[in-house]
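Single-letter residue listing:
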Amino acid sequence: MFILLFMLSNPVEFNFGGHEYNFTGVFCVEPRVGPPGVIFKETILVGFTTMTDQEINQVIQTLSKEYSGDSYALLTRNCNHFSSDMAYRLTGSRPPGWINRAAKLGTMFPCVVPQGWVEPPSAEDEESIRDRETLLPRQ
């Protein structure tokens, strides 16, 4: 997983993850540490911003409303899509295209991946939920 690092006066890293509820999927963690189970690999500089902390916070608030946890889809709306949107809104630049290449390839060949990976599951779509559950490791 690639997650871009955005620095404010108080350094934090913003991420996007999925859950079944209709509220934000955006959260922050300690920079270069990430959520449990994530291993930091590298930092990719996308650009700089001249925005004030207040303007940056407004961008984060807007993105937090747009990226609800129940809108997460592994191939079409994942943490890399979020990071790309955030980078563009803050700097006018996007990360290199190769960062989300695997997801893009997955959408080009939907016959080889479960439908639940391509579209976010709805509460009524039991087949997608079952597909997703069979692919997740058991704890």
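The shown structure was predicted, so the numbers you read here are calculated from the model rather than taken from an experiment.

**Focus on the pattern of salt bridges**
Then step 1. By the definition in use, this model includes two salt bridges.
Then step 2. As a salt-bridge pair, glutamate 66 and arginine 89 come within 2.6 Å of each other at their nearest N and O atoms. With glutamate 66 in helix H1 (residues 53–66) and arginine 89 in helix H2 (residues 79–91), this pair connects stretches of sequence that are 23 residues apart.
Then step 3. Under the relative-accessibility criterion, glutamate 66 is labelled partly exposed at 36%.
Then step 4. Taking relative accessible area as the criterion, arginine 89 reaches 32% and is therefore assigned partly exposed.
Then step 5. A salt bridge links arginine 94 to aspartate 85, with the shortest nitrogen-to-oxygen separation between them at 3.5 Å.

**Quick look at the nonpolar core**
Then step 1. Ranked by size, the top nonpolar core spans 12 residues in total: Val12, Phe14, Phe16, Val26, Ile56, Val59, Ile60, Leu63, Tyr67, Phe82, Met86 and Leu90.
Then step 2. Breaking this core down by element, the ones donating at least two residues are strand E1 (13–16), H1 and H2.
Then step 3. If we skip the residues at most four places from it in the chain, phenylalanine 16 touches Gly25, Val26, Phe27, Tyr67, Ser68, Ser71, Tyr72, Arg77, Asn78, Cys79 and Phe82.

**Describing the packing of H1 against H2**
Then step 1. Contact pair H1 / H2: the axes reach a minimum separation of 11 Å and the direction vectors enclose 150°. Judged by the angle between their axes, H1 and H2 are roughly antiparallel. As H1 runs across H2, the sense of the crossing is right-handed. Of H2, the residues touching H1 (which contributes Ile56, Val59, Ile60, Thr62, Leu63 and Glu66) are Phe82, Asp85, Met86, Arg89 and Leu90.
Then step 2. Of the residues belonging to the contact of H1 with H2, the class tally is seven nonpolar, one polar and three charged.

**Quick look at the packing of aromatic side chains**
Then step 1. Scanning the entire structure with this criterion turns up five aromatic pairs.
Then step 2. A ring pair is formed by phenylalanine 16 and tyrosine 72, whose centres lie 5.4 Å apart and whose planes are at 50°; its orientation type is tilted. Of this pair, phenylalanine 16 sits in strand E1 while tyrosine 72 sits in the loop between H1 and H2, and the two are 56 residues apart along the sequence.
Then step 3. Residue tyrosine 72 is classed as partly exposed on the basis of its relative accessible area of 23%.
Then step 4. Their ring planes at 35° and their centres at 6.1 Å tell us that phenylalanine 16 and phenylalanine 82 sit as a pair that is tilted. Pair noted here: phenylalanine 16 is in strand E1 and phenylalanine 82 is in helix H2, with a separation of 66 residues, a long-range link.
Then step 5. In this structure an aromatic cluster arises from ring pairing among Phe16, Tyr67, Tyr72 and Phe82.
Then step 6. Taking the ring centre of tyrosine 67 as reference, the NZ or CZ of arginine 77 above it sits at 3.9 Å.

Reading the values: the criteria
Residues numbered from 1 in each chain as written. Predicted model: local features only at pLDDT ≥ 70, side-chain atom pairs only at ≥ 80, totals over all residues. Heavy atoms only, no water. Salt bridge = Lys/Arg side-chain N within 4 Å of Asp/Glu carboxyl O. Helix = DSSP H or I, 4+ residues; strand = E, 2+ residues; numbered from the N terminus. Buried < 20%, exposed > 50% of the residue type's maximum accessible area, 1.4 Å probe, protein only. Core = buried A, V, L, I, M, F, W, Y, C linked by side-chain atoms within 4.5 Å. Contact = heavy atoms within 4.5 Å. Axes fitted to C-alpha atoms, helices over the stretch in contact; angles between N-to-C directions. Parallel < 35°, antiparallel > 145°, perpendicular 65-115°, else oblique. Left-handed = near helix turned anticlockwise from the far one by under 90°. Nonpolar A, V, L, I, M, F, W, Y, C, P; charged D, E, K, R; others polar. Phe/Tyr/Trp six-rings, centres within 6.5 Å; stacked < 30°, edge-to-face > 60°. Lys NZ or Arg CZ within 6 Å of the ring centre and 35° of its normal.

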